[in-house]
Amino acid sequence: IKERVGPDTATDGLAVFEAIALNTKPLPGKDGTLHERAVVSPLTLRQMADSIRNGNHLPLISDHQLMGEPKGRIFDADLNYADDGELELRVLFFLDPTESRLIAKLNAASLDEVSVSFMPTEFLCSECGWDYFGPDMSWENLMDHTCGNGHKIGTDGVHANLVGLSEFIEVSLVARGAADTPKIVGKSQSKLAPATLMR
């Protein structure tokens, strides 16, 4: 924490948790949107982990509410292969003692999912690679969920591939995350930190 956040950071009483923030599985629960069954590339996950490891500030907030004070901070990340072979982004975050009620909920697992906000550099059609963020994009493409070559997201398995990281905005504590199993994990499932540091 001192290495990533600053040498004068007060670490007494901090509660540290590990979470699976995102993975390369298709996004569930996004039917009817541009993100229906979208897949985040391994490159994007790597760049997200590197962004955190390089000390870039990434707040932990609640329900994607950027207004108001953060609940904590993400301070470490790495990639890991899940049991099913999919690549996942794991993060470490801390909350300070002023968040005792929230810490109790996390320890009890009554709140145990996270969600991320980020902007990829490319938003590619899975069929032809046409970029929804490219120079040929129009609002009509976004509204119709159809690429410049006529492939419609949500039809015949067509989806978007999110490639590269333009901006990593925040990680949120949520009742239900957008990714597939974006769980806050306990000691027995920890991959990034000694279990003695965690719930």
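Note: the structure precedes this text.
Residues numbered from 1 in each chain as written. Predicted model: local features only at pLDDT ≥ 70, side-chain atom pairs only at ≥ 80, totals over all residues. Heavy atoms only, no water.

## Thoughts on the layout of surface pockets
Then comes step 1: Volume-wise, the largest pocket comes out at about 290 Å³.
Then comes step 2: Along the wall of the largest pocket there are 17 residues; nearest its centre are Leu27, His35, Val116, Phe118 and Leu162.
Then comes step 3: Mapped onto the lining of the largest pocket, the elements with two or more residues apiece are strand 1 (15-23) and strand 6 (113-125).
Then comes step 4: With seven residues, the single largest contributor to the lining of the largest pocket is strand 6.
Then comes step 5: Here the residues of the lining of the largest pocket are counted per class, giving 13 nonpolar, three polar and one charged.
Then comes step 6: The space that makes up the second largest pocket amounts to roughly 150 Å³.
Then comes step 7: Lining of the second largest pocket is provided by Ile20, Asn23, Lys25, Asn80, Tyr81, Ala82, Asp83, Asp84, Glu88, Arg90, Thr181 and Lys191.
Then comes step 8: Mapped onto the lining of the second largest pocket, the elements with two or more residues apiece are strand 1, strand 4 (72-81) and strand 5 (87-95).
Then comes step 9: For the lining of the second largest pocket, the class distribution of residues is three nonpolar, three polar and six charged. (1 Å grid on protein atoms, 1.4 Å probe; cavity = no way out; pocket = protein on both sides within 12 Å on 5 of 7 lines; lining within 4 Å. Points joined across faces, edges and corners; volume = space filled by probe spheres on them. Helix = DSSP H or I, 4+ residues; strand = E, 2+ residues; numbered from the N terminus. Nonpolar A, V, L, I, M, F, W, Y, C, P; charged D, E, K, R; others polar.)

## Details of the environment of His64
Then comes step 1: Topologically, His64 is positioned in the loop between strand 3 (59-62) and strand 4.
Then comes step 2: Relative accessible area serves as the criterion here: at 32%, His64 is assigned to the partly exposed category.
Then comes step 3: Taking the C-alpha atoms as reference, His64 lies 8.2 Å from Val174; in sequence the two are 110 residues apart.
Then comes step 4: Apart from the residues within four sequence positions on either side, His64 is in contact with Ser115, Val116, Ser117, Glu170, Ser172 and Val174.
Then comes step 5: A distance of 3.0 Å separates a polar atom in the side chain of His64 from a polar atom in the side chain of Ser115. (Buried < 20%, exposed > 50% of the residue type's maximum accessible area, 1.4 Å probe, protein only. Contact = heavy atoms within 4.5 Å. Polar contact = N/O pair within 3.5 Å; in protein donor to acceptor, adjacent residues only side chain to side chain.)

## As for the packing of aromatic side chains
Then comes step 1: If you walk through the whole model with that rule in mind, you get five aromatic pairs.
Then comes step 2: Taken together, a centroid distance of 5.6 Å and an interplanar angle of 25 degrees make the contact between Phe17 and Phe93 stacked. On the criterion of sequence distance, the pair formed by Phe17 in strand 1 and Phe93 in strand 5 is long-range, its members being 76 residues apart.
Then comes step 3: Under the relative-accessibility criterion, Phe93 is labelled buried at 0%.
Then comes step 4: Ring geometry for Phe123 against Phe133: centres 5.4 Å apart, planes inclined by 35 degrees, an arrangement best described as tilted. Here Phe133 lies in the loop between strand 6 and helix 4 (139-144) and Phe123 lies in strand 6, a separation of 10 residues in the sequence. (Phe/Tyr/Trp six-rings, centres within 6.5 Å; stacked < 30°, edge-to-face > 60°.)

These values are about where atoms sit, not about what they do.
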